[in-house]
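# Notes for the structure review
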Amino acid sequence: SVSLLRLGTHAVFCNDVVRGDRQLREAVTRFKDVGEMWELQTALMMSAVNRFLSSDFRAAETVFEEMGAYGVQLNAIMHQGWALGWAPFCRYLTGQEDAATARASLNRALELSAQVNDILTEKSPPSFDASGPIDLFVYGHFHAASLDAIRRGGRVVASANPGTWIKRIRRVKAHFR
């Protein structure tokens, strides 16, 4: 199921919406079958994004709402914020919701996202300090809310998005453009 999720996500990033949809739907079904609710939320998110990018806004809204319902059930604030950010925008794009109503939902989504530091703005601190060498590369995703940043000598050398699985950590020479 995790492999299907990763392959489906890769297909979305490659703009192969048909393959992405097929693999992500299968991942969603399997996660539901085995009761893996955390990865299910991620699979639902990617499935909804795939539908959104295909301009199937009504289907995307339905999947975003489903993900949000699981977020409430599991107290997954990040997923609740995502649902509140995306679903109203889908309704706005399809004329089901006016701009003021959508904006109010988006503001609530921003509040939820800020609670779990799932926002990136021009005022956010940089994830990496390019002034010195960075020799730690984090590949994959994390499922450890406490793992937010790895520090060496008082400075951040790697940061991780809490909420998915650790796959592999290895040293590499970093290059910045």
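Residues numbered from 1 in each chain as written. Predicted model: local features only at pLDDT ≥ 70, side-chain atom pairs only at ≥ 80, totals over all residues. Heavy atoms only, no water.

Counting through the fold element by element, Thr-42 comes out in helix H3 (residues 37-53). A relative accessible area of 16% means that Thr-42 is categorised as buried. Setting aside anything within four residues of it in sequence, one finds Thr-42 in contact with Leu-5 and His-79. (Helix = DSSP H or I, 4+ residues; strand = E, 2+ residues; numbered from the N terminus. Buried < 20%, exposed > 50% of the residue type's maximum accessible area, 1.4 Å probe, protein only. Contact = heavy atoms within 4.5 Å.)

On inspection of all chains with the given rule, the structure shows 5 aromatic pairs. Their ring planes at 65° and their centres at 5.2 Å tell us that Phe-52 and Phe-57 sit as a pair that is edge-to-face. When its relative accessible area of 14% is taken as the criterion, Phe-52 is described as buried. Each ring, one from Phe-52 and one from Phe-89, has its centre 6.0 Å from the other, and the planes form 35°; the classification is tilted. With Phe-52 in helix H3 and Phe-89 in helix H5 (residues 77-93), the pair connects residues that are 37 residues apart, well separated along the chain. We classify Phe-89 as partly exposed; its relative accessible area is 34%. Among the aromatic residues, those joined into a cluster by ring pairs are Phe-52, Phe-57, Phe-64, Trp-86, Phe-89 and Tyr-92. (Phe/Tyr/Trp six-rings, centres within 6.5 Å; stacked < 30°, edge-to-face > 60°.)

Viewed as axis vectors pointing N to C, H5 and helix H6 (residues 99-115) meet at an angle of 165°, and their least axial separation amounts to 8 Å. Overall, the two elements H5 and H6 adopt an arrangement that is roughly antiparallel. Crossing handedness for the pair H5 and H6: left-handed. On H6, the residues that touch Ile-77, Gln-80, Gly-81, Leu-84, Gly-85, Pro-88 and Tyr-92 of H5 are Ala-99, Ala-102, Ser-105, Leu-106, Arg-108, Ala-109, Leu-112, Ser-113 and Gln-115. Residues belonging to the contact of H5 with H6 are distributed by class as follows: 9 nonpolar, 6 polar and 1 charged. (Axes fitted to C-alpha atoms, helices over the stretch in contact; angles between N-to-C directions. Parallel < 35°, antiparallel > 145°, perpendicular 65-115°, else oblique. Left-handed = near helix turned anticlockwise from the far one by under 90°. Nonpolar A, V, L, I, M, F, W, Y, C, P; charged D, E, K, R; others polar.)

This next bit is on a nonpolar patch on the surface. Side chains of Phe-89, Tyr-92, Leu-93 and Leu-106 sit close together on the surface and give an oily, nonpolar patch of about 330 Å² of accessible area. It is H5 that contributes the most residues to the nonpolar patch, 3 residues altogether. Turning to its location among the elements, Leu-93 is positioned in helix H5. (Patch = residues over 30% accessible without salt bridge, like charges linked within 9 Å, V, L, I, M, F, W, Y side chains within 5 Å. Areas by Shrake-Rupley, 256 points an atom, 1.4 Å probe, with all protein chains shown as cover. Salt bridge = Lys/Arg side-chain N within 4 Å of Asp/Glu carboxyl O.)

Within the secondary structure, Glu-65 sits in helix H4 (residues 57-74). Under the relative-accessibility criterion, Glu-65 is labelled partly exposed at 37%. The spatial distance from the C-alpha of Glu-65 to the C-alpha of Trp-82 is 9.5 Å, given a sequence separation of 17 residues. In contact with Glu-65, not counting residues within four places along its chain, are Ala-87 and Arg-91.

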